[in-house]
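Per-entry structural report
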Amino acid sequence: MARQIDLLQGTLDLLILKAVSLGPLHGYGVLLRIQQISQGRFEILQGSLYPALYRLEHQGAICGEWGESENKRKAKFYRLTTSGKRQLQSDTEKWAHLAKVMAGILRATPEEA
Amino acid sequence: MNCLPRFRSWLRSISRRSRLEAEMDTELRWHFENYVEQLMRDGVSKEDARRRARLELGDIEVQKDKCRDSLGLRVWDEVRSDLRFGMRALVKNRLLTISLLLTLVMGIGISSGVFNCMSALFLRPWIANDRSSYVEIFPRFTMDPTRPMQASVATLEDYLALRGKSRTLDQLAAFSGFSLDLDSDDMSTTVGGLVSDNFFRVYGVKKAKLGRLLQPEDYSKSGTVAVLSEDLWRSHFAADPSIVGKVVRFNEHPVTVVGVVASFPAGSNTAGAWLPYTLATYLGLGDQWTRPGELRWLALSGRLNHGFSRADVASELATLIRQQDVLHHGRISQLIVTDGSGLQTPGEERARWLFGLSSEFYCSFC
């Protein structure tokens, strides 16, 4: 199993948006989906998951609807809203840009300085 | 940041609170149970699985609190519980409640009363309708540029020029107060007003209670007419219903009453009777009328034309008065345009002091 990476502050919302963008998921499913996509490299603190889900729902980025889970129990499924899609796109671009800039900085050699 | 979805979510949360709480509880417990089941499938004993789930997810009540915070319900909950606590305390201590209510009633009553008085005295013109378009114009002039300007009123010539040329003013009226001796044995006097024909229109008086208002034709030399105030008509003429058309004596000169107007507030331009300003000489008040360019005797008030502000009026009148100055060698004039309130009136230092002192006293008192 790959080494686990600590989550940077502010990344949880983006990860949730991404996970939910792949299809409606209940809270526990979001957790599993992120672990699956990150191949187990991201360990989500479960205590932070629901406050983040409620926060995103409050912002209108995701919306929750009650349905039946795979084990035939009542569960709340979250899906991405139009506003959430826009937020995901914008945050993804920001992250890509930040990663590029950071990589450039960290690759700097004494000769370039 | 778009606040509308947040507001909608907040409103939904507080309006369906019990349902929200139940759903939150179901969701968190469902997650807990699922995680426990997964751990058990991975070979962890039930007891260890539950302990580990509790450790990782945290206490469900704490989780719910965090979720409520995410929904913006914390402040609402705190305010609600404070209010509930306060109401309980008030119901318990009735004497305290009554004294608090009385203090509040008195405090609010006194505050609004004092503010209304201050506003009426200093912040608003003393007129009845449409204060927003009302203006008062105060001329200042000097004949010697090395000396400060004197506050004054307008000459007839300046008034006619400003009234004739202004585009920013819908109406510009003139008023000059004088001591009016009534034709009676008791030697009583009142304030008379020599006014322009549009005076009543500026103060929102559209028609007379009896007879008619002043008209442009009354300003010919033969027009020795007067309009009485309702107060004077009642107090001095016993509310005579046939007063219109009768000849009365003002300052020992016969004048025909053409109308009676109901009382209306006109600030410092209030009078017992109004007559055309062309009667100044006839009433023995001087020859201002025949010397239009010299004597300053008319107070000016008016109404803004639609779409113009007082600043526009000030700017336009400054240009017009400079043109008038050219006709009078050495004269330099200024026109101050105000909203007619005591605080803006030039020379009303007493009003400003009184306002300042009242405010200071009121603030200290509070």
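Residues numbered from 1 in each chain as written. Chains lettered and ligands numbered in written order. Predicted model: local features only at pLDDT ≥ 70, side-chain atom pairs only at ≥ 80, totals over all residues.

1. Digging into the overall build of chain A
As a reminder of what qualifies: Numbering of helices and strands runs from the N terminus; a helix is a DSSP stretch of H or I covering at least four residues, while a strand is a stretch of E covering at least two. Burial in this document is a count-based property: other C-beta atoms within 10 Å of a residue's C-beta are tallied, and the residue is buried at 20 or more, exposed at 12 or fewer, or partly exposed in between, with C-beta positions derived from the backbone. We call two residues in contact whenever the C-beta atoms placed from their backbones are within 7 Å.
Of the regular secondary structure elements, chain A holds four helices and three strands. Put simply, chain A runs from its N terminus to its C terminus through helices and strands in the order α-β-α-α-β-β-α. Looking at chain A as a whole, 28% of its 113 residues qualify as buried. Taking as baseline every contact in chain A between residues at least 6 positions apart, the subset at least 24 positions apart corresponds to 51%.

2. Some details on helix α1 (residues 11-21) of chain A
All names here are of chain A. Using the following cut-off: Each direction from the helix axis to a C-beta atom contributes to the arc, which is the arc of those directions.
Buried within α1 are the following residues: Leu 12, Ile 16, Leu 17, Ala 19 and Val 20. The arc enclosing the buried residues of α1, seen along the axis, measures out at 165°, which places them on a common side. Where α1 is buried, its residues meet β1 (25-26), α2 (27-37), α3 (46-59), β2 (62-68), β3 (74-80) and α4 (82-106). Just downstream of α1, Gly 23 is the residue with a positive phi angle, here 150°.

3. Notes on the interface of chain A and chain B
Using the following cut-off: Residue polarity follows a fixed list, in which Ala, Val, Leu, Ile, Met, Phe, Trp, Tyr, Cys and Pro are nonpolar, Asp, Glu, Lys and Arg are charged, and the others, Gly among them, are polar.
Facing 17 residues of chain A, the contacting portion of chain B comprises 21 residues. Contributing elements (two or more residues each) for the side of chain A that touches chain B: α2, α3 and β3 of chain A. Broken down by element, the residue count for the side of chain A that touches chain B peaks at nine residues, all from α3(A). Taken together, the residues that form the side of chain A that touches chain B break down as five nonpolar, seven polar and five charged.

4. Digging into the nonpolar core
Definition in use: Nonpolar cores are identified as sets of buried Ala, Val, Leu, Ile, Met, Phe, Trp, Tyr and Cys residues joined via C-beta atoms within 7 Å.
Membership of the largest hydrophobic core comes to 55 residues, with the highest contact counts inside it found for Val195(B), Ala226(B), Ala273(B), Trp274(B) and Leu298(B). In contact with Trp274(B), other than residues within four places in its own chain, are Gly193(B), Val195(B), Phe199(B), Leu214(B), Ala226(B) and Val227(B). Listed in part, the 30 residues of the second largest apolar core include Leu25(A), Leu53(A), Tyr54(A) and Leu57(B).

5. Brief notes about the confidence of the model for chain A
Let me state the cut-off plainly: The predictor rates its confidence in each residue with pLDDT, a number between 0 and 100.
On average, chain A scores 88 in pLDDT, and the residues at 70 or more come to 90%. Confidence, read as mean pLDDT per element, is least for α2(A) in chain A (91) and greatest for β1(A) (94).

6. Focus: the environment of Thr168(B)
All names here are of chain B. Along the polypeptide, Thr 168 turns up in the loop between α7 (156-165) and β4 (169-181). Judged by local crowding, Thr 168 falls into the buried class, with 20 C-beta atoms found within 10 Å. Separated by 137 residues in the primary sequence, Thr 168 and Asn 305 have C-alpha atoms spaced 5.2 Å apart. Once residues lying within four places of it in the same chain are set aside, the contact partners of Thr 168 are Leu 304, Asn 305, Phe 308, Asp 312, Val 313 and Glu 316.

7. Focus: the packing of α7(B) against helix α10 (residues 310-326) of chain B
Any two packed helices are characterised by the angle at which their axes cross and by the distance between the axes. Residues and elements named next belong to chain B. The cut-off we apply is this: All axes are obtained by fitting lines to C-alpha atoms, using only the stretch in contact for helices, and the reported angles, taken between N-to-C directions, cover 0 to 180 degrees. Here the angle decides the label: under 35 degrees means roughly parallel, over 145 means roughly antiparallel, 65 to 115 means roughly perpendicular, and every other value means oblique. In this scheme the crossing of two helices becomes right-handed for a clockwise turn of the near helix relative to the far one and left-handed for an anticlockwise turn of less than a right angle.
Between α7 and α10, the least distance of the axes is 10 Å, while the angle of their chain directions is 135°. Taken as axis vectors, α7 and α10 run oblique relative to one another. Where α7 crosses over α10, the handedness of that crossing is right-handed. Only Leu 317, Leu 320, Ile 321 and Gln 324 of α10 make contact with α7, whose side of the interface consists of Asp 158, Ala 161, Leu 162 and Lys 165.

8. Section: the pairing of strand β10 (residues 273-276) of chain B
All names here are of chain B. The line we're drawing: Paired strands, in this sense, are two strands between which DSSP finds at least two bridges.
Pairing geometry for strand β5 (residues 189-195) and β10, over four bridges, is parallel. Bridge pairing in β10 links Leu 194 to Leu 275. Across two bridges, strand β7 (residues 225-229) lies against β10 in antiparallel orientation. Looking at β10, one finds that Val 227 is bridged to Trp 274.

9. Focus on unusual backbone geometry
For residues other than glycine, phi is negative in most cases, and the peptide bonds are mostly trans. All names here are of chain B. Positive phi, close to 40°, is recorded for Asp 130, a residue that is not glycine. Mapped onto the elements of the fold, Asp 130 is located in the loop between α6 (94-123) and β1 (134-142). Of note, Glu 252 is a non-glycine position whose phi angle comes to about 70°, a positive value. Turning to its location among the elements, Glu 252 is positioned in the loop between β8 (247-250) and β9 (253-261). Its 9 C-beta neighbours within 10 Å are what place Glu 252 among the exposed residues.

10. With respect to the sheet that holds β2(A)
Taken in spatial order, the three strands of this open sheet run β1-β3-β2 (chain A), and their pairing is antiparallel. Either end of the sheet is taken by a strand with one partner, and the two such strands are β1 and β2 of chain A.

11. Description of the environment of Phe138(B)
All names here are of chain B. Summarising the element assignment, Phe 138 is placed in strand β1. Judged by local crowding, Phe 138 falls into the partly exposed class, with 19 C-beta atoms found within 10 Å. Placed 13 residues apart in sequence, Phe 138 and Ala 151 show a C-alpha to C-alpha distance of 7.3 Å. What Phe 138 contacts, discounting residues up to four positions off in sequence, is Ala 151, Ile 336, Thr 338 and Pro 346.

12. Focus on α2(A)
For α2(A), the full list of buried residues reads Gly27(A), Tyr28(A), Gly29(A), Val30(A), Leu31(A) and Ile34(A). Buried-residue contacts for α2(A) involve α1, β1, α3 and β3 of chain A together with α2 (17-41) of chain B. Positive phi shows up at Gln39(A), right after α2(A), with a value of about 55°.

13. Examining the confidence of the model for chain B
Per-residue confidence for chain B gives a mean pLDDT of 88; residues scoring 70 or more make up 94%. Of all the helices and strands in chain B, helix α11 (residues 349-365) of chain B carries the lowest mean pLDDT, 68, while β7(B) carries the highest, 95.

14. Re the pairing of β5(B)
Bridging between β4(B) and β5(B) involves seven bridges; their strand directions are antiparallel. Paired with Gly177(B) across the bridge in β5(B) is Gly193(B).

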